[in-house]
Amino acid sequence: MRKIVERLFQNPAVEAIIHNQTGVGSLGLQEEALILSAAFLRSKHSMFVVKNNLYEAQNLYQRLVTLCEDDVYLYCVEESLQVEAIASSPELYAQKIETLTKLLESDKPVICVTHIAAVLRYLPTVERFKESILNLSLGYRISMDSLKTLLVQAGYKHVARVDQPLCFSFRGGVVDIFSVQNEHPVRIEFFDDEIDSIRMFDVASQRTIATMKSIEIVPATDFIYTDDEFAYMQEKILAKLAKDMKKADNALELEERIQLDLEYLQMHVQERYLYRYMNFLPQTNCLLDYMPNAQIILSNVEEIKAHVQFVMDETISYIQQLYQEHRQIVQITDSKLISFQKQPIQR
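### A few points about the overall build of the chain
Here's step 1: Secondary structure summary: the chain contains 12 helices and 12 strands in total.
Here's step 2: The C-alpha radius of gyration of the chain comes to 22 Å, within 12% of the 20 Å expected for a compact globule of 347 residues.
Here's step 3: Oriented by its inertia axes, the alpha-carbon framework of the chain measures out at about 60 × 60 × 30 Å.
Here's step 4: Within the chain, buried positions represent 50% of all 347 residues.
Here's step 5: In the chain, once contacts between residues fewer than 6 apart in sequence are set aside, the share between residues at least 24 apart is 69%.
Here's step 6: Split by element, the accessible area of the chain, about 16800 Å² in all, is 48% carbon and sulfur.
Here's step 7: One way to put it: in the chain the 35 positive side-chain charges average out to a point 3 Å from where the 48 negative ones average out.

### Focus: the pattern of salt bridges
Here's step 1: Summed over the entire model, instances satisfying the criterion amount to 15 salt bridges.
Here's step 2: Residue Glu84 pairs with Arg121 through a salt bridge whose shortest N-O separation is 3.1 Å. Of this pair, Glu84 sits in helix α5 (residues 81-87) while Arg121 sits in the loop between α7 (116-119) and α8 (126-131), placing them 37 residues apart in sequence.
Here's step 3: Using a relative accessible area of 7% as the deciding quantity, one classes Arg121 as buried.
Here's step 4: Taking the shortest distance from any N to any O, the salt bridge between Asp244 and Lys240 comes out at 2.8 Å. One end of the pair is Asp244 and the other is Lys240, both in helix α10 (residues 227-245) and four residues apart, which spans about a single turn.

### Structural notes on the sheet that holds strand β8 (residues 186-191)
Here's step 1: Taken together, six strands build an open sheet; the order of strands is β5-β6-β7-β8-β9-β10 and the sheet is mixed. The outermost strands of the open sheet, each flanked by one partner alone, are β5 (157-158) and β10 (208-212).
Here's step 2: Here two bridges tie β5 to strand β6 (residues 167-171), and the two strands are oriented parallel to one another. Among the inter-strand pairings, His158 is bridged to a residue of β6, identified as Phe168.

Thresholds, definitions, all that
Residues numbered from 1 in each chain as written. Predicted model: local features only at pLDDT ≥ 70, side-chain atom pairs only at ≥ 80, totals over all residues. Heavy atoms only, no water. Helix = DSSP H or I, 4+ residues; strand = E, 2+ residues; numbered from the N terminus. Rg over C-alpha atoms; globule rule 2.2 N^0.38 Å. Buried < 20%, exposed > 50% of the residue type's maximum accessible area, 1.4 Å probe, protein only. Contact = heavy atoms within 4.5 Å. Areas by Shrake-Rupley, 256 points an atom, 1.4 Å probe, with all protein chains shown as cover. Lys, Arg positive; Asp, Glu negative; His and termini not counted. Charge placed at Lys NZ, Arg CZ, Asp CG, Glu CD. Salt bridge = Lys/Arg side-chain N within 4 Å of Asp/Glu carboxyl O. Pairing = 2+ DSSP bridges.

Have a look at this one:
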């Protein structure tokens, strides 16, 4: 297959992509994958490939993997904020976090396949996401209380017993953590404030699978904020709430709902619908910031322009519904739920 791709190195479509002259256009999926693979392998430059929707991104990714193998990542979100708020796929969510981590840690050119709804979403700043990646090793000193705080801020759920990803448990001098990038959880044993052992274990039998000298724990969420950033959000949210209560038909219901959301935010409860409060953070990034020097390739410019408008209209309609039901304080004119820090359709 590699030889077939190499024969396309001088293809005019490959030349055009390498020199940023055009997108992929209306090629079939397999042809598109071949052209993109040839351009990538020849240019040796990282790429964002932006598809129209989630389905198209997943299909293109499957074809590119057969051509470029480990050099291809997928970053997808639910097409609708409403769907994500009530029925988000855990697998899709875990894949998002894993891809963000890989984009930041990769030391080689890669292709990241995504779609317009994913590009338009808010993300934590690159600096904040990096700070939330924990690197623990034998002999490393950290208090268990500090580790618990870091895990909660990184989106991990505190449970009695670890039996699924994105959670952790404490008992005595032992911490169990099930990170998204590992097939099995890890058990970290402390001697006072020093890490004494790290081992991967089987959930069912609790038996050790492997001992380790170090472990990387990536965040369990893409809504990450410090206590200071929560205080900033809280101030802005309460100020907006005070204004909205003056004109709300049922001010008490609105206040109760927002106060409950603030409690969840303060405790770092991972409810997907809380994403809409990301617009109150002092600073955010978007997906394109996680690989800032990558080439941005649009599969079909006109279709993507149309879909940008569709996503905007659907989001505004959803927010308007929440606002009318006294479940949301962000008005349409204030809405920043979609990030426009980058304008890929202009590329």
